[in-house]
Amino acid sequence: MRRLNKKKALNFVKELDAFPKVPESYVETTTSGGTVSVLAFTAMALLAFFEFFVYRDTWMKYEYEVDKDFTSKLRINIDITVAMRCQFVGADVLDLAETMVASDGLQYEPVVFDLSPQQRIWHRTLLLIQNHLREEHSLQDVLFKNVMKGAPTALPPREDDPTQPLNACRIHGHLYVNKVAGNFHITVGKAIPHPRGHAHLAALVSHETYNFSHRIDHLSFGEEIPGILNPLDGTEKVSADHNQMFQYFITIVPTKLQTYKLSADTHQYSVTERERVINHAAGSHGVSGIFMKYDISSLMVKVTEQHMPLWQFLVRLCGIIGGIFSTTGMLHGLVGFCVDVVCCRFKLGVYKPKTMSVFDGQVNSLTPLLSENGEH
């Protein structure tokens, strides 16, 4: 009686177990189960490895807001080479209010217009990168994230001593202008101010010397950041006529750049180009030269580099592990069920019936047949 009560008590305790035991068949080791386990752990390891690289990577977030800063000055960074002698050309800025901006920050340097072999290779590489940027806009995010690692965007110095005469003028430096629409231009003659605006001393320059073939090595607005390429960097135009006008219509967008490497206030811009020959007899009026008409957008772009938080990375890892466990379990059960159905239908494997043959009162097994009276 005591043993019977003890056995009943043990059975009652097992029924109250919060973690019931699974049948032995559930934990039985099989070849298919081991294969599925190996595949599942391999998939989890690979996905977790790739997820770690996603966690390490960053992306750029773009936000837009109204630019409320109208009092500060806008910096224009210029590096342009014109195929004319420096004494024949002049550069200045005239804004929307007809205010002439002093061009004291610009330097005029006599140079050779043709590039050296190494400079030409650099120039072709720059044009190739610009073409990729126009086709694949996502590359701009790569430049933003790696600005300090980028190569210098300025034209490298010549590696040889030119023997030909200095037939061009390199105009480079920076200017500070009001944050209103304006017109930066390079034309014949030096600029002189007067009460109604400004003028250029072009009367003493012969029309045969006009040649506004030019190369824009660098043109940017705002703070100059190394490694950032601008739309007009590397632009090269060859004039087909002495009296030719080149026009660039530029829309400037103020940009605040915030990455893990630097924080800067710069400006992006888009540009539309146009060129035409000045021929008053044919109705094409204007002034020969290079004109860059810019306008400033009222919207400001905030570009911020962001990183995946740690908690999100851990949640994604848990999702990978749990998802693979659930998926492989369901697939293994489904495949096993299909195999059982096929084997049962066609009498294969364990469902194959055992054949029995009777000879001399015995089957082919070790158990003898019993007679009707129970004797061997």
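Residues numbered from 1 in each chain as written. Predicted model: local features only at pLDDT ≥ 70, side-chain atom pairs only at ≥ 80, totals over all residues. Heavy atoms only, no water.

A. Just the overall build of the protein chain, in detail. In terms of helices and strands, the protein chain carries 5 helices and 15 strands. Split into buried and exposed, the 376 residues of the protein chain put 33% on the buried side. Put simply, 79% of the contacts in the protein chain that link residues at least 6 apart link residues at least 24 apart. Surface summary for the protein chain: the accessible area is close to 24500 Å², and the carbon and sulfur share equals 61%. (Helix = DSSP H or I, 4+ residues; strand = E, 2+ residues; numbered from the N terminus. Buried < 20%, exposed > 50% of the residue type's maximum accessible area, 1.4 Å probe, protein only. Contact = heavy atoms within 4.5 Å. Areas by Shrake-Rupley, 256 points an atom, 1.4 Å probe, with all protein chains shown as cover.)

B. Geometry of the side chain of T81. Of note, T81 is situated in strand 2 (residues 73-82). Taking the relative accessible area as the measure of exposure, T81 reaches 2% and is therefore buried. Those residues in contact with T81, other than ones at most four positions away along the chain, are V111, F113, A168, C169, R170, S213, H214, R215 and D217.

C. Representation of a nonpolar patch on the surface in the model. Where nonpolar side chains cluster on the molecular surface, the patch consists of L46, F49, F50, F52 and F53 and spans about 510 Å² of accessible area. Assignment of secondary structure puts F50 in helix 2 (residues 31-56). (Patch = residues over 30% accessible without salt bridge, like charges linked within 9 Å, V, L, I, M, F, W, Y side chains within 5 Å. Salt bridge = Lys/Arg side-chain N within 4 Å of Asp/Glu carboxyl O.)

D. Here's a closer look at the state of the cysteines. All told, the structure shown has 1 disulfide when counted by the stated rule. There is a disulfide in this structure between C86 and C169, and the S-S distance comes to 2.3 Å. Taking the torsion about the sulfur-sulfur bond, which here is approximately 105 degrees, the covalent link between C86 and C169 counts as right-handed. Of this pair, C86 sits in the loop between strand 2 and strand 3 (89-95) while C169 sits in strand 6 (residues 168-178); the two residues are 83 residues apart in sequence, bridging distant segments of the chain. Here the two residues C86 and C169 agree in accessibility, since each one is buried. (Disulfide = S-S within 2.5 Å.)

E. Quick look at the confidence of the model for the protein chain. Overall, the prediction assigns the protein chain a mean pLDDT of 79, with 76% of residues at 70 or greater. Taken together, the stretch residues 365-376 has pLDDT below 50 and engages in 10 contacts with residues farther than four places along the chain or on a different chain. (pLDDT = per-residue confidence, 0-100.)

F. Here's a closer look at the pairing of strand 7 (residues 182-188). The buried fraction of strand 7 amounts to 7 of the 7 residues, a majority that puts the element mostly inside the structure. Sheet analysis places strand 3 next to strand 7, joined by 7 bridges and oriented antiparallel. Within strand 7, the position partnered with A91 by the bridge is I186. Pairing of strand 7 with strand 14 (residues 289-296) involves 6 bridges; the strand directions are antiparallel. Within strand 14, the residue paired with G182 across the bridge is Y294. (Pairing = 2+ DSSP bridges.)

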